[in-house]
Amino acid sequence: MPLVETSQVETDTICAIATAPGRSGVGIVRISGPLSLSISKKILGFSPTPRHAHFCNFLDATEMNIDQGIALFFSAPNSFTGEDVLELQGHGGTYVLRELLDCALQRGARLANPGEFSERAFLNNKIDLLQAEAIADLIESTSKQAAKSALRTLQGEFSNKILNLVRLLIDARVHIEATIDFSDEDIDFVSDNKVGDSLSAILESITATLTQAKQGALLREGINVVIAGKPNAGKSSLLNALSGMDSAIVTDIPGTTRDLLSEEINIDGLPIHIIDTAGIRISDDVVEQEGLRRAQLAMEQADQLLLIVDKSELEQDVEKLLAPLVLLTGKSIKELEYLQNTTVIYNKIDLLNSEVPSLSTVNYLDYSIPTLSLSAKECVGIDLLRGYIKEAIGFKATEEGVFIARERHLTALNNAKKLVESALALLATQSSLELIAEDLRFAQVQLGAITGEFTSDDLLGEIFSNFCVGK
C-alpha cells in the first residue's frame, strides 16, 4: 500500500455530481471530507446513521424541499475515501442535481477535481495506485474481457503479484547486504547459491507477470490498424468489410477517399482502431496532397499496416508491391521504418476463379513480409484477416489470469527485469556485492512505483487528472 500519512491528505471537503451528465432515473451527488456530517444534518434535517439507507427529503438553505431520495452516510475511516462521506441519491434531472450540489457548496464544500475521490482513497491507504487506475479502466472498458481484467486489478490481483515480487527482492537484498555488513567476520550468505536461485525465480516471475500485463495493456489500449494502397485497390471496401458497416463511400472513381476514415471494431475483446487512408498517387490537388500527408502520419503510428493491392492486376515483384510506400514517403524500401509491421493484402480474388483466401509471405532483403489473399467486396477471407491481426499483435483471447495494465506498468516491469538480469550476471561473475545490492534496490523501486509505494507527485497528478470528476 502507498506509504502516505493521512495527515498529508487535504482536509477540506469536496463534492461533485457522480453520475453522467444528462437526464436519468437516478442521479448521485457525492460529498467527502470533515464537513460531510454537518452538511448532512443541514440537507437532511437530521444526523444520519452511518451505513444506513435513509429515505428522506433533501432541503435547501431555506429548508424547502429540493428532492426526495436515498441518503447514505459513511463515517471515517470506513468509506471509499477513508473520510466521512455522504451520498445523495435523488432523481437524475439536471436542475435537481445542480441544486443539491449548490447546497453542499453553500455549506462549506468545494468542487472536486477530476479523480479527487479516488486520489484521496489512495492517499488514505484505502487502495493502491494500481487499484485506483483500475477504477478508471473499468469505467472505460469497451468489452467484457477488458471489464473483467480491470476488475481483477481493482480486486488486487495485479497488486498482489507486485507485492510478492517486492517481498522476494527484499529477502534477496537482506542476504546480500548482510554479507556486506559482516564481511569482516567472514560470514557469507551468498555462496550457497540460494540467492542466485531466488533471483532466477524472481526473474521468471517478473517475465510471466510482464507477459500477462502486455495482454492487459492490449485490452486497455487496443491497436491501430491502417489500410493503405493505390486508388481503387479496395481500401474502403476492406474498411467496410472489417467494420460490418458502409462507413466509407465505395465507387469506381479513383480518389474517392481523400481524408482519414476510422472505425472501431472488437475482436475477442481486443479493441481495434481501423483507419482508411487516401489512395497513394501523384496529385496536384491541394486537398488530396493534405490527405496523403495525413495518411503518411497514420502509417508511421500504426501497429499494423495493411498495404492493399489489386491481385487481378498483380505483378509478382516485391519492389512493385511496395512502390506505393516509396512514392508516398520518398524513402527507399530499406528506409521504411514500419516495414516490419506491414502486411500485403492481395485483394479482389473474386475476379480470379481459382483463388481462395490464404496466408503466405514474400521475402525482401532481411524481411519476410506476410501476405493475405481475400476479397473485400465479397467479404471472403475477412475472418482469416481478423484472426491474423490478433495473432500478429500477440493477443491471446483468454480471460484467464489477465489483468488490466498501462504503459507505465510495462515500462517499470521491463526496467525491473533488466536490473534483476544485471544482478544475476554480476553474481555469476562474483562481482562486487555492492553493485548487486544496488541493482536489486533499484528493481524494488521500479516495482514500488507500480503500486504507488514510490511515486512522484507529478505522476499522481497526471494519473488522476484523467478520471471523471465524480470519481
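Residues numbered from 1 in each chain as written. Predicted model: local features only at pLDDT ≥ 70, side-chain atom pairs only at ≥ 80, totals over all residues. Heavy atoms only, no water.

> In this structure, what is going on with the pattern of salt bridges? I would like to understand it.
Should their charged atoms come close, side chains of opposite charge can pair. Across all of its chains, the model carries 18 salt bridges by this definition. We note a salt bridge from Asp12 to Arg110, for which the minimum N-O separation is 2.5 Å. One end of the pair, Asp12, is in the segment before β1 (14-17); the other, Arg110, is in strand β6 (residues 110-111), and 98 residues separate them in sequence. Note on Asp12: relative accessible area 27%, which makes it partly exposed. The exposure class of Arg110 is partly exposed, given its relative accessible area of 25%. For Glu116, the salt bridge goes to Arg120, with nearest N and O atoms at 3.5 Å. Pair noted here: Glu116 and Arg120 are both in helix α3 (residues 116-123), with a separation of four residues, about one helical turn. Residue class for Glu116 comes out buried when judged on its relative accessible area of 5%. (Salt bridge = Lys/Arg side-chain N within 4 Å of Asp/Glu carboxyl O. Helix = DSSP H or I, 4+ residues; strand = E, 2+ residues; numbered from the N terminus. Buried < 20%, exposed > 50% of the residue type's maximum accessible area, 1.4 Å probe, protein only.)

> What should I look at first to understand the packing of helix α4 (residues 129-140) against helix α5 (residues 144-154) in this one?
Two measures define how a pair of helices packs: the angle their axes make with one another and the distance between the axes. Running from N to C, α4 and α5 point in directions that differ by 155°, and their axes come no closer than 8 Å. By the angle class used here, α4 and α5 are roughly antiparallel. Note on packing geometry: the crossing formed by α4 with α5 is left-handed. Contact with α4, carried on its side by Leu130, Gln131, Ala134, Ile135, Asp137 and Leu138, involves Ala147, Ala150, Leu151, Thr153 and Leu154 of α5 and no other residues of that element. (Axes fitted to C-alpha atoms, helices over the stretch in contact; angles between N-to-C directions. Parallel < 35°, antiparallel > 145°, perpendicular 65-115°, else oblique. Left-handed = near helix turned anticlockwise from the far one by under 90°. Contact = heavy atoms within 4.5 Å.)

> Explanation requested: the sheet that holds strand β4 (residues 65-74) in the structure shown.
Think of a sheet as strands paired side by side through backbone hydrogen bonds, with each pair either parallel or antiparallel. In spatial order, the strands read β3-β4-β5-β2-β1-β6; together these six strands make up an open sheet with mixed pairing. Every interior strand has two partners, whereas the edge strands, β3 (53-59) and β6, have only one. Alignment of β3 against β4, held across seven bridges, turns out to be antiparallel. Following the sheet pairing, Cys56 is matched in β4 by Gly69. Relative to β3, helix α1 (residues 36-44) is tilted by about 70°, and along the sheet it contacts β2 (24-32), β3, β4 and β5 (85-92). The sheet strands contacting α3 are β1, β2 and β6, and the helix crosses β1 at an angle near 135°. (Pairing = 2+ DSSP bridges.)

> Sorry, what's going on with the nonpolar core here?
Generally speaking, nonpolar side chains in soluble globular proteins are found buried as a group. If you look at the biggest cluster of nonpolar residues, it comprises 34 residues, and the most contacted ones within it are Phe158, Ile162, Leu199, Leu413, Leu440 and Leu447. Breaking this core down by element, the ones donating at least two residues are α6 (157-181), α7 (194-221), α13 (407-428) and α14 (433-451). By residue number, the principal contributor to this core is α13, which donates 10 residues. Setting aside chain neighbours within four positions, we find Phe158 in contact with Leu130, Arg152, Thr153, Thr209, Ala213, Phe403, Ile404, Ala405, His409 and Leu413. Judged by nonpolar contacts, the second largest core, of 30 residues, contains Ala150, Leu218, Leu219 and Leu385. (Core = buried A, V, L, I, M, F, W, Y, C linked by side-chain atoms within 4.5 Å.)

> Is there a simple way to explain unusual backbone geometry in this structure?
Generally, phi is negative for residues other than glycine and the peptide bonds are trans, each holding for most cases. Note the cis peptide between Ala76 and Pro77, where omega equals 0°. Looking at the element boundaries, Pro77 is found in the loop between β4 and β5. For Asn232, which is not glycine, the phi torsion reads 65° and is therefore positive. Residue classification places Asn232 among the partly exposed residues on the basis of a relative accessible area of 34%. Phi angles above zero are rare outside glycine, and Lys348 is one such case at about 70°. In this fold, Lys348 is placed in the loop between β11 (342-347) and β12 (358-364).

> I tried to follow the sheet that holds β11 on my own but got confused; where do I start?
Overall, mixed pairing links the seven strands, which are arranged β8-β9-β7-β10-β11-β13-β12 in an open sheet. This sheet does not close on itself; its edge strands, each paired only once, are β8 (261-267) and β12. In this sheet, adjacent strand axes meet at a mean angle of 25° when their direction is disregarded. Bridge count for strand β7 (residues 223-229) against strand β9 (residues 270-276) is five bridges, and the pairing is parallel. Looking across to β9, one finds that Val226 is bridged to Ile275. Sheet contacts for α7: β7 and β9; angle to β9, the most-contacted strand, approximately 50°. Strands in contact with helix α12 (residues 382-392) are β7, β8, β9, β10 (304-310), β11, β12 and β13 (367-373); relative to β13, the strand with the most contacts, it is inclined by about 155°.

> Explain the side chain of Thr329 here, please?
By the element assignment, Thr329 lies in helix α11 (residues 323-329). Taking relative accessible area as the criterion, Thr329 reaches 16% and is therefore assigned buried. A polar side-chain atom of Thr329 sits 2.8 Å from the main-chain carbonyl oxygen of Leu325. Ignoring anything within four residues of it in the chain, the contact list for Thr329 reads Gln296, Leu336 and Tyr338. (Polar contact = N/O pair within 3.5 Å; in protein donor to acceptor, adjacent residues only side chain to side chain.)

> I keep staring at the side chain of Ser32 and nothing clicks. Help me out?
Looking at the element boundaries, Ser32 is found in strand β2. Here Glu83 takes part through its side chain, which lies 2.5 Å from a polar atom of the side chain of Ser32. Other than its neighbours up to four places away in sequence, Ser32 contacts Asp12, Thr13, Ile14, Thr81, Glu83, Asp84, Val85, Phe117 and Arg120.

> I tried to follow the packing of aromatic side chains on my own but got confused; where do I start?
Scanning the entire structure with this criterion turns up one aromatic pair. Above the ring of Phe442, the side-chain terminus of Arg441 is found at 4.5 Å from the ring centroid. (Phe/Tyr/Trp six-rings, centres within 6.5 Å; stacked < 30°, edge-to-face > 60°. Lys NZ or Arg CZ within 6 Å of the ring centre and 35° of its normal.)

> So what exactly am I meant to see when it comes to helix α8 (residues 235-243) here?
An α-helix turns once every 3.6 residues. As a result, residues three or four positions apart point the same way. For α8, a buried count of nine out of nine residues is recorded, marking the element as mostly surrounded by other parts of the structure. Three or more residues of α8 are buried, namely Lys235, Ser236, Ser237, Leu238, Leu239, Asn240, Ala241, Leu242 and Ser243. Those residues of α8 that are buried are in contact with β7, β8, β9, β10 and α12. Phi turns positive, to about 75°, at Gly244, one or two residues after α8.

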